[in-house]
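Listed here are the chains, written in short residue letters.
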Amino acid sequence: MILLRHPVCGTLRGARSLSTRASAILSSLDIPVGAAELPGVYDGQWSGSGEVLESVCPATGEVLARVRSATPDELHEALGKSKEAYLHLRTVPAPKRGELLRQIREALSAKRDVLGALVTLEMGKIKTEGIGEVQEFVDICDYAVGLSRMMNGRVVASERPGHTILEVPNPIGVVGVLTAFNFPVAVYGWNFALSVAAGNANVWKPSPSTPLCSIAITKIIARVLEKNGLPGAVSTLITGGKDVGEAIVESRDIPLVSFTGSEAVGRVVGKAVQSRFGKSILELGGNNASIIMPDADMHLAVPAVFFGAIGTAGQRCTSTRRLYLHRAIAPKFLDALQKLYATINVGDPLVDGTLLGPLHTRAAVGIYSDAVQRLRQSGAEILTGGKTYDHAALSQGNFVQPTISVPKTADPADKIWSTETFAPILNVGLFDELEQAIEWNNAVPQGLSSSLWTRDIRNLGKWIGPEGSDAGIVNVNVGTSGAEIGAAFGGNKSTGWGRESGGDAWKQYVRWSACTVNFSDAAPLAQGVDFST
């Protein structure tokens, strides 16, 4: 039985006034609480006279704000200002851009906890995860400060005497960043920090359901830009729906588009950007597996799978959705995991100690319910969960019970296994040999994160090598969820092949030129070609 320890309180959907806690959070971030509507466009000035977006608290159903999105004219003007801002920023030396990011880092850090509370209020993830998400933005700014002095090209040896070849990175232009609801702060941070270090302006189109997070972050960045005499359109914000996203994706003034979202939409975005010969960074679906070997440390593996499956109510791209257990330890592992599920605190995500908050929308609850129904109809055994909560205190929110299911078959071609469901549903399959589990891990279309639990170095070597996991994240004795910013983040196959954050991800935010320089008194041709007359 899952325990309800923190009842959710708040103003119900449609109420005319904000709850006290919502008012306190918004006021702390300079977001007006008494305004009938908020402007949702920033390009150095705040505007917005398009369609109204509603921000709704997923835990209570409270309408937090109504935000005016961009009209086509406002969108066009904002894109123009972004291009102008790029022309200015590209002339600023990279270390000075790093100093700008250091100041943004300090400003974000000063508001970290209240920004985290806003993420919790608007998105629904628990308080510690909301704060952790803002910390990711802080951390990537730290990373980019150092990177601003190390975005180096290369010197290449030339076959011709008196010649040298340089590979030179330069800013690419305006970068469009389309983010999803589940990480309404961090994903923009990953892109923004590297992009600014590289000398680019940025256009942010957030999820229509999390406009307040983007407004709060933009206000903080805008103050730092203004303090440094830089155009606000270095970090342009354009809220809106599908039409705004399409305009950004199709704009020839935006050479690079970073998109985080579903595989279906990502396929459309990728084709559209490629059709105009733009570049794209795609972070799409994850259908992530943990494999538990007989020699695994159960005291580490069980809690890791627990967090991977339930953290952010199963709405992380890296959430654990498939669990492959060696047959020898399956009963013991499942017993321990079910005991953990039975003790989870569900309720108000802003209260310390809550581990399970709501799904983000009512539509997500429907997706969860449909997935559970398909499992039941297919003959799967539901070990725990499988329904919404019936507690009166949770009735206004989007709360569902975390579910562990054992499908009748572990065939990865079955839609139960090959389709990602963005909800806390964990499907379990049993295997006898590691090779079989690796084959199942790799057989699905997605390839974001994967995890092997073992203390045998031979298993480790196989897992991370050419015969191992084909995912972009290949962990050993670490869960599928909770990546750090230092390494490049992204996945393979239908996850999109994109890379953001650390590692060599910065190289996507620049245009590269091979520059051959002749400092001799002759002009020989390469490959010994003789074209003399």
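To keep things clear, this report deals only with the structure shown in the data block.

1. Here we look at the overall build of the protein chain
A count of helical and extended segments in the protein chain gives 15 helices and 26 strands. In terms of overall size, the protein chain behaves like a compact globule, its C-alpha atoms giving a radius of gyration of 25 Å where 533 residues would be expected to give roughly 24 Å. Considering only C-alpha atoms, the protein chain reaches an extent of 85 × 60 × 35 Å along its principal axes. Among the 533 residues that make up the protein chain, the fraction classed as buried is 56%. Taking the contacts inside the protein chain whose residues are at least 6 apart along the sequence as the reference set, 74% of them involve residues at least 24 apart. Of the roughly 21,900 Å² that the protein chain leaves accessible, carbon and sulfur atoms contribute 54%. The protein chain carries 49 positive and 51 negative side-chain charges, and their two centres are separated by 2 Å.

2. Here we look at helix H10 (residues 298-310)
Over its 13 residues, H10 runs 18 Å from end to end, which matches the ideal 18 Å to within 8%, given 1.5 Å per residue. Of the residues making up H10, those classed as buried are Met298, Ala301, Val302, Ala304, Val305, Phe306, Gly308, Ala309 and Ile310. Packing partners of the buried residues in H10 comprise strand E14 (288-292), strand E15 (320-326), helix H11 (330-341), strand E19 (425-431) and strand E21 (449-453). Capping the start of H10, Asp297 holds a side-chain oxygen 3.0 Å from the backbone nitrogen of His299, two or three residues further along. After H10 finishes, the residue Thr312 shows a positive phi value of roughly 55°.

3. Here we look at the sheet that holds strand E5 (residues 52-56)
Judged by pairing direction, the sheet is mixed, and its 3 strands sit side by side in the order E2-E6-E5 without closing on themselves. The open sheet has two free edges, formed respectively by strand E2 (38-39) and E5, since each of these has just one partner strand. Examined bridge by bridge, E5 and strand E6 (residues 63-68) share 5 bridges and lie antiparallel to one another. Of the residues in E6, the one forming a bridge with Ser55 is Ala65. Running over the sheet, helix H7 (residues 211-227) touches E2, E5 and E6 and is turned about 70° from E6.

4. Concerning the pairing of E21
With 5 of 5 residues buried, E21 lies mostly within the body of the structure. Residues Ser449, Ser451 and Trp453 line one face of E21 and the alternating positions Ser450 and Leu452 line the opposite face, and both faces are buried. Pairing geometry for E21 and strand E22 (residues 473-476), over 4 bridges, is parallel. Within E22, the position partnered with Ser450 by the bridge is Val474. In this view, the connection linking E21 to its parallel neighbour E22 by way of helix H15 (residues 457-464) has right-handed handedness.

5. Points about the packing of aromatic side chains
Here the structure, examined in full by the defined rule, presents 10 aromatic pairs. A centroid spacing of 5.9 Å and a plane angle of 45° characterise the contact between Trp506 and Trp512, whose relative ring orientation is tilted. Taking the relative accessible area as the measure of exposure, Trp512 reaches 38% and is therefore partly exposed. Put simply, the rings of Phe137, Tyr188, Phe192 and Trp204 pair up and form one aromatic cluster.

6. Points about the sheet that holds strand E18 (residues 403-406)
Reading across the sheet, the 7 strands line up as E17-E18-E19-E15-E14-E21-E22 and stay open at both edges, with mixed pairing between neighbours. The open sheet has two edge strands, strand E17 (381-384) and E22, and neither has a second partner. Across the sheet, the axes of successive neighbouring strands diverge by a mean angle of 20°, strand direction being ignored. Where E14 and E15 come together, 5 bridges link them in parallel fashion. Each residue of the ladder has a partner; that of Ile291, found in E15, is Tyr324. Along the sheet face, H11 touches E14, E15, E17, E18 and E19 and points at about 145° away from the line of E15.

7. Some remarks on the packing of H10 against H11
In the contact formed by H10 and H11, the axes pass within 10 Å of each other and the chain directions differ by 50°. One finds that H10 runs oblique with respect to H11. The handedness of the crossing between H10 and H11 is right-handed. Where H10 approaches H11, its residues Met298, Ala301, Val302, Pro303, Val305, Phe306, Ala309 and Ile310 are matched on the opposing element by Lys332, Phe333, Ala336, Leu337, Leu340 and Tyr341.

8. Re the nonpolar core
Counting residues in hydrophobic clusters, the biggest one holds 153 residues, and the most contacted among them are Leu118, Phe137, Ile292, Phe333 and Leu337. If near-sequence neighbours (up to four positions away) are discounted, Phe333 is found in contact with Ile292, Met298, Ala301, Val302, Val305, Leu323 and Leu325.

9. Focus: the environment of Ile416
If you trace the backbone, Ile416 turns up in helix H13 (residues 415-418). For Ile416 and Ala380, which are 36 residues apart along the polypeptide, the C-alpha to C-alpha distance reads 9.9 Å. Not counting chain neighbours up to four residues away, the residues in contact with Ile416 comprise Leu375, Ser378, Pro407 and Asn427.

10. Let's talk about the side chain of Thr320
Here Thr320 lies in strand E15. Of the residues examined, Thr320 reaches a relative accessible area of 1% and is grouped as buried. Of note is the side chain of Thr320, whose polar atom sits 2.7 Å from the side chain of Thr480. Excluding residues that lie within four positions of it along the chain, Thr320 makes contacts with Asn288, Ser290, Gly308, Ala309, Ile425, Leu426 and Thr480.

11. So, the pattern of salt bridges
Where charged atoms from two side chains of opposite charge come close, those side chains can pair. Throughout the structure, instances matching the rule amount to 23 salt bridges. Lys125 is the salt-bridge partner of Glu133, the closest N and O atoms lying 2.7 Å from each other. When salt bridges with common partners are traced through the structure, they connect Asp43, Glu77 and Lys81 into a single cluster.

12. Considering the packing of helix H5 (residues 127-147) against helix H6 (residues 186-198)
For the pair H5 and H6, the least separation of the axes is 8 Å and the interaxial angle reads 15°. Taken together, H5 and H6 sit at an angle that is classed as roughly parallel. When you trace H5 past H6, the crossing you get is right-handed. Residues Glu133, Glu136, Phe137, Ile140, Cys141, Tyr143, Ala144 and Leu147 of H5 form the contact with H6, whose participating residues are Ala186, Tyr188, Gly189, Trp190, Phe192, Ala193, Leu194 and Ala197. Each residue belonging to the contact of H5 with H6 can be placed in one class, and the counts come to 13 nonpolar, 1 polar and 2 charged.

About the criteria used
- Residues numbered from 1 in each chain as written.
- Predicted model: local features only at pLDDT ≥ 70, side-chain atom pairs only at ≥ 80, totals over all residues.
- Heavy atoms only, no water.
- Helix = DSSP H or I, 4+ residues; strand = E, 2+ residues; numbered from the N terminus.
- Rg over C-alpha atoms; globule rule 2.2 N^0.38 Å.
- Buried < 20%, exposed > 50% of the residue type's maximum accessible area, 1.4 Å probe, protein only.
- Contact = heavy atoms within 4.5 Å.
- Areas by Shrake-Rupley, 256 points an atom, 1.4 Å probe, with all protein chains shown as cover.
- Lys, Arg positive; Asp, Glu negative; His and termini not counted.
- Charge placed at Lys NZ, Arg CZ, Asp CG, Glu CD.
- Expected span 1.5 Å × (residues − 1).
- Polar contact = N/O pair within 3.5 Å; in protein donor to acceptor, adjacent residues only side chain to side chain.
- Pairing = 2+ DSSP bridges.
- Axes fitted to C-alpha atoms, helices over the stretch in contact; angles between N-to-C directions.
- Right-handed = clockwise from strand over helix to strand, strands pointing away.
- Phe/Tyr/Trp six-rings, centres within 6.5 Å; stacked < 30°, edge-to-face > 60°.
- Parallel < 35°, antiparallel > 145°, perpendicular 65-115°, else oblique.
- Left-handed = near helix turned anticlockwise from the far one by under 90°.
- Core = buried A, V, L, I, M, F, W, Y, C linked by side-chain atoms within 4.5 Å.
- Salt bridge = Lys/Arg side-chain N within 4 Å of Asp/Glu carboxyl O.
- Nonpolar A, V, L, I, M, F, W, Y, C, P; charged D, E, K, R; others polar.

Read these as spatial facts, not as claims about activity.
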